[in-house]
Amino acid sequence: VNRQKPGHAESRPGGVTSKRPIALNASLTVLAGVGPKHAAMLSRLGIKTLGDFLYNFPRRYDDYSALKPIRELFYGQVVTVIGTITTAGGRQVRNGKMSIFEAIINDGTGSLRLTFFNQPWLVNKLKVGNAISVSGRVDQYLGRMVMTSPEWEPVEVENLHTNRIVPIYPLTQNVTQHWLRGLTNQVVKYWAPKLTDHLPGDICQAAGLMDLGTALLQMHLPTSMEKLHDARQRLAFDEIFFLQLGALRQKRDWQSVPGRIFEVDDTWISERITSLPFTLTAAQQNAIQDVRSDLISGKPMNRLLQGDVGSGKTIVAALASAMVNLSGAQSAIMAPTSILAGQHFRTFQSLLVDGNGPLKPGQLRLLVGDTPEGEKQEIYSGISSGAIRIVIGTHALIEDPVSFADLQFIVVDEQHRFGVEQRASLRSKGTNPHLLVMTATPIPRSLALTLYGDLDLSVMDELPPGRQMIPTHILLPGERERAYSLIRSQVQAGRQAFIIYPLVEESDKLDALAATQEQERLQKDVFPDLKVALLHGRMKPAEKDAIMLAFHARQYDILVSTTVIEVGVDVPNATVMMIESANRFGLAQLHQLRGRVGRSGYQSYCLLIPEHEDTAENERLQAMAETNNGFVLAERDLQQRGPGEFLGTRQAGFATSLKVASLSDMPLLEKARQQAQELFNRDPGLQNPEYSLLLEALTRFWGKGKGDVS
Ligand code: ADP
Ligand code: MG
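This is a predicted model, so every value here is computed, not measured. (Residues numbered from 1 in each chain as written. Chains lettered and ligands numbered in written order. Predicted model: local features only at pLDDT ≥ 70, side-chain atom pairs only at ≥ 80, totals over all residues. Heavy atoms only, no water.)

1. Things to note about the sheet that holds strand E11 (residues 364-367)
Argument step 1. With respect to topology, seven strands assemble into an open sheet ordered E11-E12-E10-E13-E14-E9-E15, the strand pairing being parallel. Strand pairing shows two members of the sheet lacking a second neighbour, E11 and strand E15 (456-460), which therefore form its edges. Each neighbouring strand pair of the sheet contributes to a mean axis angle of 20°, computed without reference to strand direction.
Argument step 2. Note that strand E10 (residues 330-334) and strand E13 (residues 407-412) share five bridges and pair parallel. Residue pairing for E13: Ala332 is matched across the bridge by Ile410.
Argument step 3. Each of strand E9 (302-307), E10, strand E12 (390-393), E13, strand E14 (434-439) and E15 touches helix H9 (residues 314-325); the most contacted strand, E13, lies at about 175° to it. (Pairing = 2+ DSSP bridges. Helix = DSSP H or I, 4+ residues; strand = E, 2+ residues; numbered from the N terminus. Axes fitted to C-alpha atoms, helices over the stretch in contact; angles between N-to-C directions. Contact = heavy atoms within 4.5 Å.)

Below is the structure:
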C-alpha cells in the first residue's frame, strides 16, 4: 500500500515568508515526455502551468484499497487482487474486428480470469510469471469469477492505479486517465510538500485545518477516506475564506468613495408614513430606518433587502426614492419584467404622486423596451435634463441613450434575475449612487452573508398583519374538478384565480401554445360563464401589461398564465393559485407562485396538480404542503438541489469558482466567514509581510475573471 508522508511546509527562517515557488508558473513542457502538443491538449482541461496540476482535482475516486485473497472474492465486489500470471494470450474475434486478451492470475488461494478488449499490446506487458496488482469489479462469466478490463500495475512499482483510493480526473480528447494520473502524481508528489501554506498558522489552528501541502496530496492521492474528507474541508475553507476576504475588500473599496448625504427630518417621514393606506410592519420600519441611516452615512449605500414574498418591499423602495427626491436628485428602479415595472410604476404613482404626494405627475415615468419611440425620446431628454426624478423600468434603463442628470439612488428589484454586469452598468450611470437591491429569495443568514458579504443586509421576516396561512393541497390529476369548483366558488364570492402552466418545452412558443389551448378549453368547456384571460411570454409587453391591468381591475375572473407571472405580481383580490404539472417546478419557484395569492386579508388557497399520480409523492410538493415559510423552504431546496439551481445569476457565477466548497455546508461557511472577518479587522489590506503569500493566493483566486461581485 502506498502511504504518503505528510507534507512538510518549507521552514520560514527568521519569520521571512518564502514566495510560492516560481517553478509552479513554468509551462508544462518542462515535464519529461510532455511536448507542445501534449501541453495544448492539457490546456483544454485548464492546466497551463505546473501549479495548475495541484488544483485540477479529481472528479471522483475509485476505492480500490480493499486488498482481498481470490478465494474470498464474490460477485459485484470492487477490490484489488495481487497474483502471478499463470496463463496469458490474445485472439481475434468477429472477423478480426475485435481482439480479446485474456490472462489468469493466481495468488495461492485461487485463480481469477482477466479479460481485456481491444488491447492487443498487452501481449508484451502481461507475461506468464509476472506479478501484478489488479483492481476492478468482480463479474461472473459462465459460473466463474472474472474481471473485465480491470486497472492493473506490476507489483514492484509503487501503486498509483490500483490497490489504493484511485483519483479519476476529468478528461478531454486524447488525454487518457492513466497518462494524466501519472503526470499529476509526478507534479503533486514533488511540489505539494514544498509549498508554504498561504493560510497563517493561527487561522489553520483555530479552524482545525489540515495544512495546504498535505491537503493537496490527499486530494490527489488519498490514503484514506477520512484524510480525503479533511483535505476537502481545508480546500473548501480556502475558497469560502477567499470569497469572504474579496467581498470585504470590495465593500471597503465601495465605501472609500463618498456618497451624497440625504437628510430628511422625522416629521417628513412620519407624515409620509401616516399618509399610507396601511400601517407599516415593524420589519418595514426597520428596513426604512436602515435605508435612512445609509443615506446620511456619507458613504454609498450597498444594501440587500431580503424579504419573503408579500412582505412589502416595494414601499421601502418608494419611500427611499422619495427621500432622495427631496433634494432634487434622481432615482432609478429596475425590475426584471415589464409587467413588474408597470406594477411598480402604478404603486409609486399612488404612493408618491396621487393626492398630494411629493412628486408632480411628469416627474415619475415608466420606461420599458416597448415604450413607443416618441415617448422614449421624451423620457430620455427628461432624464438627462433632470425633469424626471424617478424612472421605473426594465433593462431599457441601462441602454446607451439613457443618461441621467444626477442619478443618486438605484433600486434593483428581484436582483437574482439580473446579471452582475447589468447592475454594474446601471450603477455606472451615476456617480457613486446609493444602491438598494431587493430579493424575495429567502436564504439562510450565513449563506446570505457569504454570498453578499459585500452588502449590508436588511431582513424583513414579517408579513403585513391579517395575512392568513395559505393552505396548500396536492390534488391528483383525476381530482381536477375539485380545483375547478373551488375556483368557481371563490369567483362567486368576488375573488379571482390564477391557473399556471409550466415550462413544458425549452421553447416559449410551445408553452404559449399549451397555455393558449388550455385557456380556450377552460373558457369554453369549464368556465363558460366566467371571464378567462390569457398571459404568456410570447405576447408583446404592452399586451401583457394591458392584460395585467385588466385582471387587476377585475375585468377577468381567472388568469391562465405561463410562469411570466412568477415574479412580484401583486393582485390582492386573487385568492386561488392553481398550478398544473406542479412537479416540474423548483421549490423556490413554487413558493414565488404561491406568493401571488394571500396578499390581502382574504383566505387564499394553493392547489398543486402533479402530472401523474406517482409524481404526487414529489418531495418539493410535500414541502410546499407542509409550510408557508420561505426560509424553511429555502433550506430544504438547498439540501435537495444544491445551491446552483436555487440561486440566480450572480450566485451561479460564484458557484463555478468554488471547486470544492459546497454552499450548503453551513458550519463551514460560518467558520470561514468568521476567520475572514477577524483577519480583515486586524489587517484589511493584508499588509503585514506575514500575509504576503495569502495576498498572492487571494489575488490569484479573484483574478480568474471576476471583478464586481455584486
Ligand atoms: P413584495 O415584498 O413581495 O415585493 P409588495 O411590496 O408587492 O411585496 O407588497 C405586497 C402587498 O402588500 C401589496 O399589495 C402592498 O400594497 C401590501 N402591503 C405592503 N405593506 C403593507 C402593510 N404594512 N400592511 C398591509 N399591506 C401592505
Ligand atoms: Mg416585489
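Resuming the write-up.
2. Thoughts on the side chain of Lys429
Argument step 1. Mapped onto the fold, Lys429 is located in the loop between helix H12 (420-427) and E14.
Argument step 2. One buried charged residue, Lys429, forms no salt bridge at all, with the nearest opposite charge on Asp400 at 5.1 Å.
Argument step 3. Reaching out from Lys429, the side chain makes a polar contact with the backbone oxygen of Glu399 at a distance of 3.0 Å.
Argument step 4. Among the polar contacts listed, one links the side chain of Lys429 to the backbone oxygen of Val402, at a separation of 2.7 Å.
Argument step 5. The residues contacting Lys429, other than those within four sequence positions of it, are Leu397, Ile398, Glu399, Asp400, Val402, Phe404 and Leu407. (Buried < 20%, exposed > 50% of the residue type's maximum accessible area, 1.4 Å probe, protein only. Lys, Arg positive; Asp, Glu negative; His and termini not counted. Salt bridge = Lys/Arg side-chain N within 4 Å of Asp/Glu carboxyl O. Polar contact = N/O pair within 3.5 Å; in protein donor to acceptor, adjacent residues only side chain to side chain.)

3. So, helix H5 (residues 212-220)
Argument step 1. With nine of nine residues buried, H5 lies mostly within the body of the structure.
Argument step 2. The complete set of buried residues in H5 reads Leu212, Gly213, Thr214, Ala215, Leu216, Leu217, Gln218, Met219 and His220.
Argument step 3. As for H5, its buried residues are in contact with helix H2 (50-55), strand E1 (60-63), strand E8 (165-168), helix H3 (177-191) and helix H6 (225-255).
Argument step 4. Its side-chain oxygen at 3.1 Å from the backbone nitrogen of Gly213, Asp211 defines the N-terminal cap of H5.

4. Here we look at the side chain of Thr575
Argument step 1. Along the chain, Thr575 turns up in strand E20 (residues 574-580).
Argument step 2. Residue classification places Thr575 among the buried positions, given a relative accessible area of 0%.
Argument step 3. Side chain to side chain, Thr575 and Gln490 meet in a polar contact 2.7 Å long.
Argument step 4. In this structure, Thr575 is in contact with Gln490, Arg495, Gln496, Val597, Tyr602, Gln603, Ser604 and Tyr605, ignoring residues within four places of it in sequence.

5. A look at the pattern of salt bridges
Argument step 1. Within the structure shown, the criterion is met by 21 salt bridges.
Argument step 2. A salt bridge links Arg60 to Asp62, with the nearest nitrogen and oxygen atoms 2.5 Å apart.
Argument step 3. For Arg60, a relative accessible area of 38% puts it in the partly exposed group.
Argument step 4. Owing to a relative accessible area of 18%, Asp62 belongs among the buried residues under this scheme.
Argument step 5. Its salt-bridge partner being Arg482, residue Glu479 comes within 3.2 Å of it at the nearest N-O pair.
Argument step 6. What emerges from the salt-bridge pattern is a single network uniting Arg91, Glu102 and Arg113.

6. Regarding the environment of Leu587
Argument step 1. On the secondary structure map, Leu587 appears in helix H17 (residues 587-594).
Argument step 2. Measuring from C-alpha to C-alpha, the distance between Leu587 and Ile47 comes to 37 Å, with 540 residues separating the pair along the chain.

7. Details of the packing of helix H7 (residues 266-274) against H9
Argument step 1. Contact geometry of H7 with H9 gives a least axis separation of 12 Å together with a crossing angle of 140°. As judged from the angle between their axes, H7 and H9 are oblique. The two elements H7 and H9 cross, and the hand of that crossing is right-handed. In this structure, H7 contributes Trp268, Ile269, Arg272 and Ile273 to the contact, and H9 contributes Leu319, Ala322 and Met323.
Argument step 2. Among the residues forming the contact of H7 with H9, the class breakdown is six nonpolar, no polar and one charged. (Parallel < 35°, antiparallel > 145°, perpendicular 65-115°, else oblique. Left-handed = near helix turned anticlockwise from the far one by under 90°. Nonpolar A, V, L, I, M, F, W, Y, C, P; charged D, E, K, R; others polar.)

8. Overview of the site of ligand 1
Argument step 1. In the vicinity of ligand 1 lie 17 residues, with Thr279, Gly310, Lys313, Thr314 and Asp570 positioned nearest.
Argument step 2. The separation between a nitrogen atom of ligand 1 and a polar main-chain atom of Thr279 is 2.8 Å.
Argument step 3. Asp570 has a polar side-chain atom sitting 2.6 Å from an oxygen atom of ligand 1.
Argument step 4. Protein chains shield 85% of the accessible area of ligand 1, which is 560 Å² for the free molecule. (Near = heavy atom within 4 Å. Areas by Shrake-Rupley, 256 points an atom, 1.4 Å probe, with all protein chains shown as cover.)

9. Brief notes about the nonpolar core
Argument step 1. Counting 94 residues, the largest nonpolar core has Phe53, Phe237, Phe241 and Leu694 as its most contacted members.
Argument step 2. In terms of residue count, H6 provides more of this core than any other element does, 12 residues in total.
Argument step 3. In terms of nonpolar packing, the next biggest core, distinct from the first, is built from 50 residues, Tyr484, Met577, Ala582 and Met624 among them. (Core = buried A, V, L, I, M, F, W, Y, C linked by side-chain atoms within 4.5 Å.)

10. Some thoughts on the packing of H3 against H5
Argument step 1. The N-to-C vectors of H3 and H5 enclose an angle of 165°; their axes lie 10 Å apart at closest approach. In this view, H3 runs roughly antiparallel relative to H5, as classed from their interaxial angle. Here H3 runs over H5; the crossing is left-handed. Across the interface between the two elements, Thr184, Val188 and Lys189 from H3 touch Leu216, Leu217 and His220 from H5.
Argument step 2. Counted by class, the contact of H3 with H5 contains three nonpolar, two polar and one charged residues.

11. So, the pairing of strand E3 (residues 98-106)
Argument step 1. Examined bridge by bridge, strand E2 (residues 78-93) and E3 share nine bridges and lie antiparallel to one another. When the sheet's bridge partners are listed, Ile85 is paired in E3 with Ile105.
Argument step 2. Hairpin geometry of E2 and E3 is characterised by an intervening segment of four residues between the two adjacent antiparallel strands and by a positive phi of about 50° at Arg94.
Argument step 3. Pairing analysis gives seven bridges linking E3 to strand E4 (residues 111-117), with the strands arranged antiparallel. The residue of E4 that forms the bridge with Ile105 is Leu112.
Argument step 4. Linking E3 to E4, which pair antiparallel, is a turn of four residues; within it Gly108 sits at a positive phi near 90°.

12. Structural notes on the sheet that holds strand E16 (residues 472-474)
Pairing between sheet strands relies on hydrogen bonds along the backbone, with the strands arranged either parallel or antiparallel.
Argument step 1. Reading across from one edge, E16-E21-E20-E17-E19-E18 is the order of the six strands in this open sheet, with parallel pairing throughout. Of all strands in the sheet, those with a lone pairing partner are E16 and strand E18 (532-535), marking the two edges. Going across the sheet, the axis of each strand differs from the next one's by a mean of 20°, ignoring polarity.
Argument step 2. Where strand E17 (residues 496-500) and E20 come together, five bridges link them in parallel fashion. By the bridge assignment, Ile499 is partnered in E20 with Met578.

13. A word on the packing of aromatic side chains
Argument step 1. Scanning the entire structure with this criterion turns up seven aromatic pairs.
Argument step 2. Arranged with centres 5.3 Å apart and planes meeting at 20°, the rings of Phe237 and Phe241 form a pair that is stacked. Placement of the pair is Phe237 and Phe241 together in helix H6, with a separation of four residues, close to one helical turn.
Argument step 3. Look at Phe498 and Phe551: their rings are 5.3 Å apart centre to centre, the planes differ by 55°, and that puts the pair in the tilted class. One end of the pair, Phe498, is in strand E17; the other, Phe551, is in helix H16 (residues 541-552), and 53 residues separate them in sequence.
Argument step 4. Judged by its relative accessible area of 0%, Phe498 falls in the buried class.
Argument step 5. Taking relative accessible area as the criterion, Phe551 reaches 0% and is therefore assigned buried.
Argument step 6. The aromatic ring of Tyr190 is capped on one face by Lys194, whose charged end is 3.6 Å from the ring centroid.
Argument step 7. Here the basic side chain of Arg495 rests over the ring of Tyr602, its NZ or CZ set 3.5 Å away from the ring centre. (Phe/Tyr/Trp six-rings, centres within 6.5 Å; stacked < 30°, edge-to-face > 60°. Lys NZ or Arg CZ within 6 Å of the ring centre and 35° of its normal.)

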